[in-house]
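# Topology and contacts: notes
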Amino acid sequence: MPVHDYSLRYYKEDLSSNVAVMEHALGGDEVMISLSVNGKVDASSKGDVPTQLLVGQLPLMLKADIEDVLLVGLGSGMTAGSVLTHPVKRLDCVEISTGVAEAGRFFAPFNHDVLNNSRFNLIVDDAKTYV
């Protein structure tokens, strides 16, 4: 998937990382959004989508009566959005990076706008400390 053109949509340095959201023009009207943390792409709107979705789907497919879920790491929010396609009552997501927490809004078209879902609770903290 060659990248023809790109633009920086978001950048933030915080205490734990530097975070960037890039928009990549792939040709025609096709666009890919990617999230980089400390220079490494950790999520995108193409390519690794099946992995992002299955991480949220598989546990709930194996045990469907789960009401409360804890997710460590927001990333693009696609895993969280995938979890909330199930009838869980509450999803707590612990994310250490304020930059990643803010960058999730760029993925709203791909993550079911999870940041605005009333069942979603974002906790900006270290997961080890939180648990």
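Our subject is the structure listed above.
Let me sum up the structure you'll find in this document. All of these numbers come straight from a predicted model, not from anything done at the bench. Within each chain, residues carry numbers counting from 1 in the order of the written sequence. Given that this is a predicted model, residues contribute local features only at a pLDDT of at least 70 and side-chain atom pairs are listed and counted only at 80 or more, while totals for whole chains, interfaces and linings are drawn from all residues. Hydrogen atoms and water are omitted, and side-chain values are computed over all heavy atoms in the structure.

Between the first and last C-alpha of helix α1 (residues 49-62) there are 20 Å, a value that for 14 residues agrees with the 20 Å anticipated at 1.5 Å per step. We define the bend at any residue as the angle between the axes fitted to the seven residues before and including it, ending there, and the seven starting there. Secondary structure elements are taken from DSSP: a helix is a run of H or I of four residues or more, a strand is a run of E of two residues or more, and numbering for both begins at the N terminus. For α1, the principal kink sits at V55 and spans about 35 degrees; a proline, P59, occurs within the next four residues. Looking only at α1, the buried set comprises V49, Q52, G56, Q57 and L60. Note on definitions: a residue-residue contact is assigned when non-hydrogen atoms from the two residues lie within 4.5 Å. Taken together, the buried residues of α1 touch β4 (40-44), β5 (68-72) and α2 (78-83). Every helix has an expected span of 1.5 Å times one less than the residues it contains. For every residue, the accessible area (1.4 Å probe, protein chains only) is compared with the maximum for its type, and the residue is labelled buried under 20%, exposed over 50%, or partly exposed between those bounds.

Moving on, we come to the layout of surface pockets. In this approach, a probe sized like a water molecule rolls over the atoms, and the result shows the empty space that is left. Put simply, the largest pocket is a space of about 250 Å³. Here a cavity denotes a set of grid points, spaced 1 Å apart and computed over the protein atoms alone, in which a 1.4 Å probe fits but from which it cannot get out, and a pocket denotes an open set meeting protein on both sides within 12 Å along at least five of seven lines; residues with an atom within 4 Å of a point are reported as lining. Contributing to the lining of the largest pocket are 20 residues, with D42, A43, L74, G75 and S76 lying nearest its centre. If you list the elements that add at least two residues to the lining of the largest pocket, you get β3 (30-37), β4, α1 and α2. The element contributing the most residues to the lining of the largest pocket is α1, with 3 residues. Gly is put with the polar residues, along with every residue not named as nonpolar or charged; the nonpolar set is Ala, Val, Leu, Ile, Met, Phe, Trp, Tyr, Cys and Pro, and the charged set is Asp, Glu, Lys and Arg. Classifying every residue of the lining of the largest pocket gives 8 nonpolar, 9 polar and 3 charged. Grid points are joined across faces, edges and corners, and a volume is the space filled by probe spheres set on the points.

Right, let's get into the side chain of S17. Turning to its location among the elements, S17 is positioned in the loop between β1 (5-13) and β2 (18-27). Counting of polar contacts relies on pairs of N or O atoms within 3.5 Å, with two restrictions inside protein: one atom must be capable of donating a hydrogen and the other of accepting it, and residues adjacent in sequence are counted only when both atoms are side-chain atoms. Side chain to side chain, S17 and S97 meet in a polar contact 3.1 Å long. Among residues more than four places away in sequence, those in contact with S17 are K12, V37, N38 and S97.

All right, on to the nonpolar core then. In this structure, V21, L35, L91 and F120 are the most contacted members of the largest nonpolar core, which totals 23 residues. Those elements that place two or more of their residues in this core are β2, β3, β5, α2, β6 (90-95) and α3 (98-103). For V21, the residues in contact, after removing those within four places along its chain, are S7, L8, R9, Y10, I33, S34, L35, A103, F106 and F107. Grouping buried Ala, Val, Leu, Ile, Met, Phe, Trp, Tyr and Cys residues that are joined through side-chain atoms within 4.5 Å yields what is termed a nonpolar core.

Every regular strand shows the same layout, with side chains that alternate between the two sheet faces. We treat two strands as partners when DSSP finds at least two bridges between them. As paired elements, β3 and β4 share 4 bridges and run antiparallel to each other. In the strand pairing of β4, L35 is matched with A43. Between β3 and β4, which pair antiparallel and follow one another directly, the connecting turn spans 2 residues, one of which, N38, has a positive phi of 55 degrees.

A few words on the packing of aromatic side chains. Two numbers describe a pair of aromatic rings. These are the distance of the centres and the angle of the planes. Only Phe, Tyr and Trp rings are paired, with Trp represented by its six-membered ring, and only when their centres lie within 6.5 Å; those with planes under 30 degrees apart are stacked, over 60 edge-to-face, the remainder tilted. Applying the stated rule across the entire model yields 1 aromatic pair. Both rings, one in Y10 and one in F106, keep their centres 5.7 Å apart while their planes meet at 45 degrees; by these two values the pair is tilted. Of this pair, Y10 sits in strand β1 while F106 sits in the loop between α3 and β7 (120-124), and the two are 96 residues apart along the sequence. Taken individually, Y10 and F106 each receive the classification buried, so the pair is uniform in this respect.

For the rest of this paragraph, the subject is the sheet that holds β1. If you trace the 4 strands from one edge of the open sheet to the other, you get β1-β2-β3-β4, paired in antiparallel fashion. The sheet is open, and its two edges are formed by β1 and β4, each paired on a single side. Pairs of neighbouring strands in the sheet enclose a mean axial angle of 25 degrees, with direction left out of account. Examined bridge by bridge, β2 and β3 share 8 bridges and lie antiparallel to one another. The residue of β3 that forms the bridge with A20 is S36. All axes are obtained by fitting lines to C-alpha atoms, using only the stretch in contact for helices, and the reported angles, taken between N-to-C directions, cover 0 to 180 degrees.

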